[in-house]
Amino acid sequence: MARSGDDVAFGLENRCVPTDEIWPRVHRALADVGFPYSEDHATAALSGGEKQRLAIAGILALRPRVLLLDEPTANLDPEGARAVREVIARVAERREVTMVMVEHRIADALPLVDRVIVIDAGGGVVAEGPPRAVFAREAERLKDLGVWVPGAAPAAPPRRTTPGGEAIVARDLTYLYPRGAAPALDGISATVRHGSALAITGPNGSGKSTLALLLAGLLRPRGGEVRAFGDEPSRLRPRALVRRIGTVFQDPEHQLVAARVDDELRVGPRAIGVAAGEIEQRVRELLERLDLSKVAAANPFTLSGGEKRRLSVGTALATSPGALVLDEPTFGQDRRTFAELLTLLAEYRDGGGAIAFASHDELFVDAFADERLRLVGGRAA
């Protein structure tokens, strides 16, 4: 729906809940998930993480008897994720709802669950039982399978080079969305260096994705300027831009254009005139490194969320650009694919590539960032 409160009320109206009960339940659900705006706030103006909170509020307002949660805190800032877990905990304490939660990062979710089931890629059960018993008994085997065992994060690859000169420079950026009441960004400056990674952090709705799109040349600032390799990226022709900057959107579906996974990786190199033999070599390497070989012939829209994310990173790398701008690059990854993404991006950085990435993933930020820029309310914190 166009308004946030109406979106939560939609399910209640369809359930024929009495009119005088609907809005108190809407207000309670929005408060429970820590939704930061009024019920009149436009859904089109929400960030990805804010939309996720709103979706959860819409389900909780229905007071279901069975609640199925697929990575409910993905793309949420730490405070928002904590608020959602507290809501889930309160629901669990009432013992009125059966909950099934799908998670990769399970450490924070363990206090909420009574039973863990680990399944393998073929659908078979690898381990099952109370959480403490499963992870005490099976920790090493589960790590080898790519499961995020609590307290066993992958080690960061060692840095092999030192940061170099400026690749992308933003000065005093201001941006206002057409329907925005306040600037999404106000007076932001940032520098992305060759052989270095800049982490853009901050709560949901702070302007991280907007800044990423400005740095990538996909939005033009209302005030200030962005320079990438000496030029204004938003004024470059598409073929010139993709040679210089590879971009990963917050929603991978927004950049998928081919009918096969392997063809998706060929799109960019073909557009900039890479030789056919070189294209095939790049595609083979990326399919293997990103654990996508087994789905090479699949339609990209049939992939899991984590596979789509790895494919979007692959499309950004396929043109061998001078810089990468990544929005939540580690979303939906198991322990093994997270480690491989970390290694692949470290190799790119150590080869002189410049990286800017927006992320709530504290493990990734701690392991990979050389510099950090924290945003709050569109301003540098």
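Structure shown above.
Residues numbered from 1 in each chain as written. Predicted model: local features only at pLDDT ≥ 70, side-chain atom pairs only at ≥ 80, totals over all residues. Heavy atoms only, no water.

Undergrad: In this structure, what is going on with the overall build of the protein chain? I would like to understand it.
TA: Looking only at helices and strands, one finds 12 helices and 13 strands in the protein chain. Taking 2.2 N^0.38 as the reference for a compact globule, 381 residues should give roughly 21 Å; the C-alpha atoms of the protein chain span a radius of gyration of 22 Å, in line with that estimate. Seen through its C-alpha atoms, the protein chain measures out along the principal axes to roughly 60 × 50 × 40 Å. For the protein chain, buried positions account for 49% of its 381 residues. Sequence separation of 24 or more characterises 65% of the internal contacts of the protein chain that already satisfy a separation of 6 or more. On the protein chain, the mean spot of the 49 positive side-chain charges and the mean spot of the 52 negative ones are 2 Å from each other. (Helix = DSSP H or I, 4+ residues; strand = E, 2+ residues; numbered from the N terminus. Rg over C-alpha atoms; globule rule 2.2 N^0.38 Å. Buried < 20%, exposed > 50% of the residue type's maximum accessible area, 1.4 Å probe, protein only. Contact = heavy atoms within 4.5 Å. Lys, Arg positive; Asp, Glu negative; His and termini not counted. Charge placed at Lys NZ, Arg CZ, Asp CG, Glu CD.)

Undergrad: Is there a simple way to think about the packing of aromatic side chains in this case?
TA: Think of a pair of aromatic rings as described by two things: how far the centres are apart, and how the planes are tilted against each other in angle. Within this structure, the stated rule accounts for 7 aromatic pairs. Residues tyrosine 175 and tyrosine 177 carry aromatic rings whose centres are separated by 4.9 Å and whose planes lie at 75° to one another, so their mutual orientation is edge-to-face. The buried category is assigned to tyrosine 175, whose relative accessible area is 12%. Ring centres of phenylalanine 364 and phenylalanine 368 lie 5.3 Å apart, and the angle between their planes is 25°; this geometry places the pair in the stacked category. Placement of both phenylalanine 364 and phenylalanine 368 in helix H12 (residues 362–368) is noted, with a separation of 4 residues, approximately one turn of the helix. Of the two residues, phenylalanine 364 and phenylalanine 368, both sit in the buried class. Of the aromatic side chains, those joined through ring pairs into one cluster are Trp148, Phe338, Phe357, Phe364 and Phe368. Above the plane of the ring of tryptophan 148 lies arginine 105, whose end atom (NZ or CZ) is 4.1 Å from the centre. (Phe/Tyr/Trp six-rings, centres within 6.5 Å; stacked < 30°, edge-to-face > 60°. Lys NZ or Arg CZ within 6 Å of the ring centre and 35° of its normal.)

Undergrad: How do you make sense of the packing of helix H1 (residues 4–14) against helix H3 (residues 48–60) when you look at a structure like this?
TA: Two numbers describe how H1 lies on H3: the axes approach to 8 Å, and their chain directions differ by 35°. Crossing handedness for the pair H1 and H3: right-handed. Contacts from Ser4, Asp7 and Val8 in H1 reach Leu54, Ala57 and Gly58 in H3. Residue composition of the contact of H1 with H3, grouped by class: 3 nonpolar, 2 polar and 1 charged. (Axes fitted to C-alpha atoms, helices over the stretch in contact; angles between N-to-C directions. Left-handed = near helix turned anticlockwise from the far one by under 90°. Nonpolar A, V, L, I, M, F, W, Y, C, P; charged D, E, K, R; others polar.)

Undergrad: Would you take a moment to explain the sheet that holds strand S6 (residues 185–193) for this structure?
TA: The strands that make up a sheet pair up through hydrogen bonds in the backbone, lying either parallel or antiparallel. The strand order across the open sheet formed by 3 strands is S6-S5-S8, and the pairing between neighbours is antiparallel. The sheet is open, and its two edges are formed by S6 and strand S8 (223–228), each paired on a single side. Ignoring which end each strand starts from, the neighbouring axes of this sheet average 10° apart. Sheet topology places strand S5 (residues 166–175) next to S6; 7 bridges connect them, and they run antiparallel. Paired with valine 169 across the strands is threonine 191, a residue of S6. (Pairing = 2+ DSSP bridges.)

Undergrad: Where do I start with the pairing of S5 in this structure?
TA: For a regular strand, side chains alternate in direction, first toward one face of the sheet and then toward the other. Bridge analysis of S5 against S8 gives 5 bridges, and the strand direction is antiparallel. Bridged to valine 169 within S8 is arginine 227.

Undergrad: Would you mind showing me how to read the side chain of arginine 282 here?
TA: Its location among the elements puts arginine 282 in helix H9 (residues 276–289). Owing to a relative accessible area of 17%, arginine 282 belongs among the buried residues under this scheme. In this structure, arginine 282 is in contact with Val274, Ala318, Thr319 and Ser320, ignoring residues within four places of it in sequence.

Undergrad: I keep staring at the pattern of salt bridges and nothing clicks. Help me out?
TA: Oppositely charged side chains may form a pair once their charged atoms are brought near each other. Inspection of every chain in the model, using the stated rule, returns 30 salt bridges. Close ionic contact of glutamate 128 with arginine 115 constitutes a salt bridge, the shortest N to O distance being 2.3 Å. Placement of glutamate 128 in strand S4 (residues 125–129) and of arginine 115 in the loop between strand S2 (98–102) and strand S3 (116–119) is noted, with a sequence separation of 13 residues between them. Residues arginine 171 and glutamate 225 are paired through a salt bridge, measuring 3.3 Å at the closest nitrogen-oxygen approach. Remark: glutamate 225 occurs in strand S8 and arginine 171 occurs in strand S5; sequence separation between them is 54 residues. The class for glutamate 225 is partly exposed, based on a relative accessible area of 30%. Through salt bridges with shared partners, one network takes in Arg260, Asp262, Asp263, Arg266 and Glu280. (Salt bridge = Lys/Arg side-chain N within 4 Å of Asp/Glu carboxyl O.)

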